[in-house]
Amino acid sequence: MIGRWNVEINFADGNKRSLRFDAQGDGKGTLLVLDPRLKVWGPGKPSEAKWIREDQNSVTFSGAVEFPLGNVGRDAGTLAFKGKFETADSITGEVEFAPLVGERPSKHGTFKAVRSKE
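What counts, and at which threshold
- Residues numbered from 1 in each chain as written.
- Predicted model: local features only at pLDDT ≥ 70, side-chain atom pairs only at ≥ 80, totals over all residues.
- Heavy atoms only, no water.
- Helix = DSSP H or I, 4+ residues; strand = E, 2+ residues; numbered from the N terminus.
- Buried < 20%, exposed > 50% of the residue type's maximum accessible area, 1.4 Å probe, protein only.
- Contact = heavy atoms within 4.5 Å.
- Pairing = 2+ DSSP bridges.

Chemist: Sorry if this is basic, but what is going on with the side chain of S62 here?
Modeler: Topologically, S62 is positioned in strand β5 (residues 58–69). Judged by its relative accessible area of 18%, S62 falls in the buried class. If near-sequence neighbours (up to four positions away) are discounted, S62 is found in contact with L31, A49, K50, L79 and A80.

Right under this line is the structure:
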């Protein structure tokens, strides 16, 4: 699991998001939202994340993120991923985004993470 992962998220409402997950030792890591709109705000900042290897084939990871909304807003919340290794360099599974602000329901979707060659 340790290494850099490029993660593509497809939410059920049609929204797509990209981020990078850097998995470090001891179940720690960082999440970094990758979005062209962040050029307006300045570069994104990595947030703290954690991961757990459930068994030989399953992993969960989660962390706080802020997705840009339009030109001025941010959608802050927690992403929680539950996936299975398809290969040593590929994970697929389900993701949930729980917003921090407001009484909005969580958003659900699927994700694919591919180990970065960098």
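Chemist: Even after reading the chapter, I still don't get the pairing of strand β4 (residues 47–53), so can you show me in this structure?
Modeler: Remark: a regular strand shows side chains that alternate across the two faces of the sheet. Inspection of the sheet shows strand β3 (residues 28–34) paired to β4 by 4 bridges, in the antiparallel sense. Bridging from a neighbouring strand, G29 pairs with A49 of β4. Pairing of β4 with β5 involves 5 bridges; the strand directions are antiparallel. Residue pairing in the sheet places W51 in a bridge with F61 of β5. Where β4 folds back on β5, the antiparallel hairpin that results is connected by 4 residues.

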